[in-house]
Amino acid sequence: QMQLVESGGGLVQAGDSLRLSCAASGRTVVYTEYAMGWFRQPPGKEREFLASIDWTASDTYYADSAKGRFTISRDNAKSTVYLEIDSLKPEDTAVYYCAANRRFISKNRYDYDYWGQGTQVTVSS
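All values reported here derive from a predicted model rather than from experimental measurement.

**Some thoughts on the overall build of the protein**
When you go through the protein residue by residue, the secondary structure sums to zero helices and 11 strands. Moving toward the C terminus, one meets the helices and strands of the protein in the order β-β-β-β-β-β-β-β-β-β-β. A globule of 125 residues ought to have a C-alpha radius of gyration of about 14 Å, and the protein, at 14 Å, matches this closely. Principal-axis analysis of the C-alpha atoms gives the protein an extent of 45 × 25 × 25 Å. Counting over 125 residues, the protein shows a buried share of 46%. If you sum the accessible surface of the protein, you get close to 6400 Å²; carbon and sulfur atoms cover 45% of it. Averaging the locations of the 14 positively and 15 negatively charged side chains of the protein gives two centres separated by 3 Å.

In structure tokens:
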């Protein structure tokens with residue numbers, strides 16, 4: 001069983017940058033067996049895919065809406081995945097979730113085995 005804990009969210013102003021973190025733990029978990037992804041859920045909307053990264057960190061995949069301002073990375077020594085967001089906009093306001101997938105990088109939320117509880121990002125104009 002893997003536990004994922006996101007952090008780094010908060011209230012920010014439009015134009016700011018933010019780095020979200022997601023730390024993985026679990027007694028029997030081998031973190032490097034998992035691809036990781038970031039999703040977000042704006043108020044009143046469906047959860048949407050943002051980015052995914054394979055276990056080697058050499059392969060990444062972004063939603064079209066995330067290309068250019070979002071960067072996913074991971075530090076396997078710390079069992080942590082990151083999401084950097086530049087030039088934040090009010091429409092980036094959402095709960096941001098990380099997730100783990102034992103198979104491959106994917107934009108499909110149903111491919112992910114474990115989810116964090118989410119971290120709220122609120123962008124004021």
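**Here we look at the packing of aromatic side chains**
As enumerated under the stated definition, the model contains seven aromatic pairs in all. Consider the rings of Y97 and W115, whose centres lie 6.5 Å apart with planes at 80°: the pair is edge-to-face. Taken as a pair, Y97 in strand β9 (residues 94-101) and W115 in strand β10 (residues 114-115) lie far apart in primary sequence, 18 residues in all. Judged by its relative accessible area of 27%, W115 is partly exposed. The cationic tip of R19 hangs over the ring face of Y82; the distance from NZ or CZ to the ring centre is 4.2 Å.

**Overview of the state of the cysteines**
Throughout the structure, instances matching the rule amount to one disulfide. The residue that forms a disulfide with C22 is C98, at a sulfur-sulfur distance of 1.9 Å. Taking the sign of the S-S torsion, about 45° here, the bridge from C22 to C98 comes out right-handed. Taken as a pair, C22 in strand β3 (residues 18-25) and C98 in strand β9 lie far apart in primary sequence, 76 residues in all. Its relative accessible area of 1% is what places C22 among the buried residues.

**As for the pattern of salt bridges**
One pass over the full model with this rule turns up six salt bridges. The salt bridge involving K67 is made with D64; its shortest N-O contact spans 3.2 Å. Each member of the pair K67 and D64 is classed as exposed. Linked by salt bridges that have partners in common, R40, E48, R69 and D92 make up one network.

**Looking at the pairing of β9**
Of all eight residues in β9, eight are buried, a share of seventy percent or more. On β9, burial covers both faces: A94, Y96, C98 and A100 on one face and V95, Y97, A99 and N101 on the other are all buried. With three bridges joining them, β9 and strand β11 (residues 119-124) adopt antiparallel strand pairing. Note on β11: the bridge partner recorded for Y96 is T119. Pairing of β9 with β10 involves two bridges; the strand directions are antiparallel. Along β10, the bridge assignment pairs A99 with W115.

Reading guide: rules and limits
Counting restarts for each chain, with residues numbered from 1 along the sequence as it is written. Local features in a predicted model are, by the rule used here, given only for residues with pLDDT of at least 70; side-chain atom pairs are given and counted only at 80 or more, and totals for whole chains, interfaces and linings are based on all residues. Working from all heavy atoms in the structure, the side-chain values ignore hydrogens and water. Under the scheme used here, helices are H or I runs from DSSP no shorter than 4 residues and strands are E runs no shorter than 2 residues, and both carry numbers assigned from the N terminus. Restricting the calculation to C-alpha atoms gives the radius of gyration, and the globule rule supplies 2.2 Å times the number of residues raised to the power 0.38. A 1.4 Å probe rolled over the protein chains alone gives each residue an accessible area, and that area as a share of the maximum for its type sets the label: buried under 20%, exposed over 50%, partly exposed in between. In these tables, accessible area is a Shrake-Rupley quantity obtained with a 1.4 Å probe, and a residue counts as shielded only by the protein chains included in the view. In this charge count, Lys and Arg are treated as positive and Asp and Glu as negative; neither His nor the chain ends contribute. In this description, the location of a charge corresponds to atom NZ of lysine, CZ of arginine, CG of aspartate or CD of glutamate. The rule is short: rings of Phe, Tyr and Trp, with Trp giving its six-membered ring, pair when the centres are within 6.5 Å, and they are stacked under 30 degrees, edge-to-face over 60, tilted in between. Only Lys NZ and Arg CZ are tested; either one counts as a charge over a ring when it is within 6 Å of the ring centre and within 35 degrees of the ring normal. In this description, a disulfide is simply a cysteine sulfur pair whose atoms lie within 2.5 Å. A pairing counts as a salt bridge when a side-chain nitrogen of Lys or Arg comes within 4 Å of a carboxyl oxygen of Asp or Glu. Strands are treated as partners if at least two bridges between them are detected by DSSP.

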